[in-house]
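# Survey of secondary and tertiary structure
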Amino acid sequence: MTVTYGVSFDGFVSTAEALATARGASDAGIEAMWMAEHLGYREAMITSMGFRMQSENAFVIPTAVSPYLWHPVPTAMALATLAEVGTAPVGIALGVGNPLFLAEAGREIVKPVRAIREFVECLKALWTGEPVKREGEFFPLAGTRLAFTPPVPLVTYIAAMGEQMLRLTGRMADGVALSAGLSPAYCKVSLERMDEGAAQAGRDPSTIRRAAYIYCAVSEDPAVARDIVRPKLAFLLRNRKLAENLDVTGVAVDQDAIVDAISRRDMEAAAALVPDEAIDAYAIAGTPRECHDKLDEFLAVGIDEPVLMVQGEDAERGLALAFLRDRATAVKGATGKP
């Protein structure tokens, strides 16, 4: 299995800081830059162009672009434009989006599987450069076309969690992007559901990219690393959609208490409800050696594009980049890449 390592950018820091981090990741041999589209924060397409311009080998993936905020035509234009700068592929991860933020923007989540399906179909058709005529509940097109075609491959991921979305991914997408906070055991369950969708569509599941976001903190002191990840994981585990993940993994977390603490804006209390066992199960945190071992668990269940959400201050981030450099170097040595 060929592994492509990626790093995630959340848009919460300045664009200058993100570009500097991306430059360090690129120097460490990291190929994939996943730029999040969080409403109200830095814009993903523009930031991805910045990544692309400073490193032509950067595989950039704006994520998770919502069909309730974007339209396929300008999205196809933006991604094809990105593809004209640099030599690596360009990707997009489509996802429903945060319900709260969508509501604040006056948008409602309706028929999400159909909305994502139509968006992917439109993108793939538009990238051919041919006129696109199609009926659709969300995105009907009446002959629109791109006047140019992307010079490098464009890769569609679906940020899928539920069974229907995972099976849709298997039927039509180039890859899946699994949520952060999933254990290796639940990643395996999710990938099996995706593979079922691929089989139903007559596709070879082995051709589908398998990405997963993973919180990552590296420190010479494992307790420090776990404490860095703890509040992030607490905020994530408030999501009721992760209940099956907790059940399958078998590491108990009191979701009700976490939700209650977060509703009171008491993040310290919420973080205290996340035991070390949960951090070890749902994230990568510890010494460099411990992090290598934990990452291997994700690879063992079929994840071939781990996207690390690097946490911590300069010291921990420096160790994380060194950790990633070791992994990327090992991959290039195994594949014979320069």
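Everything numeric here is computed off the predicted structure, so don't read it as measured data.

## Concerning the side chain of Thr4
For Thr4, the position within the fold is in the segment before strand E1 (6-9). The contacts of Thr4, once residues within four sequence positions are left out, are Glu31, Ala32, Asp304, Glu305 and Pro306.

## Some thoughts on the pairing of strand E6 (residues 141-144)
Consecutive residues of a regular strand have side chains that alternate between opposite faces of the sheet. Where strand E5 (residues 132-134) lies against E6, 3 bridges are found, and the strand directions are antiparallel. Opposite Lys133, over in E6, you have Ala142 as the bridge partner. Hairpin remark: E5 followed by E6, antiparallel, with 6 residues in the connecting loop.

## What about the packing of aromatic side chains?
Tallying each qualifying case throughout the model produces 7 aromatic pairs. Here the aromatic rings of Phe9 and Phe51 are separated by 4.7 Å at their centres, their planes lie at 40°, and the arrangement is tilted. With Phe9 in strand E1 and Phe51 in helix H2 (residues 44-54), this pair connects stretches of sequence that are 42 residues apart. Residue Phe9 is classed as buried on the basis of its relative accessible area of 6%. Feature note: the residues Tyr68, Phe119, Phe138 and Phe139 constitute an aromatic cluster, connected by ring pairs. The ring centre of Phe235 lies 3.9 Å from the NZ or CZ of Arg238, which sits over that ring.

## Things to note about the packing of helix H3 (residues 72-83) against helix H5 (residues 112-126)
Direction vectors running N to C along H3 and H5 enclose 50°, while the axes themselves pass 9 Å from each other. One finds that H3 runs oblique with respect to H5. Crossing hand, H3 versus H5: right-handed. Of H5, the residues touching H3 (which contributes Pro72, Val73, Thr75 and Ala76) are Phe119, Cys122, Leu123 and Leu126. When grouped by side-chain class, the residues that make up the contact of H3 with H5 number 7 nonpolar, 1 polar and no charged.

## Concerning the pairing of strand E8 (residues 175-178)
A two-sided burial pattern is seen for E8, the buried positions comprising Gly175 and Ala177 on one face and Val176 and Leu178 on the other. The pairing of strand E7 (residues 154-158) with E8 spans 2 bridges and is classified as parallel. Looking across to E8, one finds that Ile158 is bridged to Val176. With helix H6 (residues 163-172) bridging E7 and its parallel neighbour E8, the resulting β-α-β unit is right-handed. Across 4 bridges, E8 lies against strand E9 (residues 209-218) in parallel orientation. Within E9, the residue paired with Ala177 across the bridge is Ala211.

## Some details on the packing of H2 against H3
Two elements in contact, H2 and H3, have axes whose closest approach is 10 Å; the angle formed by their N-to-C orientations is 10°. Classified by the interaxial angle, the pair formed by H2 and H3 is roughly parallel. Counted together, Met45, Ser48, Met49 and Arg52 of H2 and Thr75, Ala78, Leu79, Thr81, Leu82 and Ala83 of H3 form the full contact between these two elements. When the residues that make up the contact of H2 with H3 are grouped by side-chain class, the tally is 6 nonpolar, 3 polar and 1 charged.

## With respect to the pattern of salt bridges
Taken as a whole and judged by the stated rule, the model has 23 salt bridges. Lys124 is paired through a salt bridge with Asp174; the nearest N and O atoms lie 3.4 Å apart. Note that Lys124 is positioned in helix H5 and Asp174 in the loop between H6 and E8, a separation of 50 residues in sequence. Taking relative accessible area as the criterion, Lys124 reaches 33% and is therefore assigned partly exposed.

## Some remarks on helix H13 (residues 288-300)
With 13 residues, H13 extends 18 Å from end C-alpha to end C-alpha; this agrees with the ideal 18 Å at 1.5 Å per step. Here H13 has its buried residues at Cys291, His292, Lys294, Leu295, Phe298 and Leu299. Looking one or two places after H13, you find Gly302, whose phi comes out positive at around 115°.

## A closer look at H6
Taken as a whole, H6 has its buried residues at Met165, Leu166, Leu168, Thr169, Gly170 and Met172. Contacts from the buried residues of H6 go to H5, E7, E8 and helix H7 (184-200).

## Considering a nonpolar patch on the surface
Among the surface-exposed residues, Leu39, Leu69, Leu100 and Phe101 lie close enough to one another that they form a single nonpolar patch of about 310 Å² accessible area. Within the element layout of this structure, Leu69 appears in the loop between strand E3 (59-63) and H3. On the basis of relative accessible area, Leu69 is assigned to the partly exposed category, the value being 36%.

## Quick look at the nonpolar core
In this structure, Met33, Trp34, Leu178 and Leu233 are the most contacted members of the largest nonpolar core, which totals 115 residues. The element that contributes the greatest number of residues to this core is E9, accounting for 8 residues. Setting aside anything within four residues of it in sequence, one finds Leu233 in contact with Gly181, Tyr215, Val274, Ala278, Ile279 and Tyr282.

Quick notes on the rules
Residues numbered from 1 in each chain as written. Predicted model: local features only at pLDDT ≥ 70, side-chain atom pairs only at ≥ 80, totals over all residues. Heavy atoms only, no water. Helix = DSSP H or I, 4+ residues; strand = E, 2+ residues; numbered from the N terminus. Contact = heavy atoms within 4.5 Å. Pairing = 2+ DSSP bridges. Phe/Tyr/Trp six-rings, centres within 6.5 Å; stacked < 30°, edge-to-face > 60°. Buried < 20%, exposed > 50% of the residue type's maximum accessible area, 1.4 Å probe, protein only. Lys NZ or Arg CZ within 6 Å of the ring centre and 35° of its normal. Axes fitted to C-alpha atoms, helices over the stretch in contact; angles between N-to-C directions. Parallel < 35°, antiparallel > 145°, perpendicular 65-115°, else oblique. Left-handed = near helix turned anticlockwise from the far one by under 90°. Nonpolar A, V, L, I, M, F, W, Y, C, P; charged D, E, K, R; others polar. Right-handed = clockwise from strand over helix to strand, strands pointing away. Salt bridge = Lys/Arg side-chain N within 4 Å of Asp/Glu carboxyl O. Expected span 1.5 Å × (residues − 1). Patch = residues over 30% accessible without salt bridge, like charges linked within 9 Å, V, L, I, M, F, W, Y side chains within 5 Å. Areas by Shrake-Rupley, 256 points an atom, 1.4 Å probe, with all protein chains shown as cover. Core = buried A, V, L, I, M, F, W, Y, C linked by side-chain atoms within 4.5 Å.

Interpretation in functional terms is not warranted from these geometric data alone.
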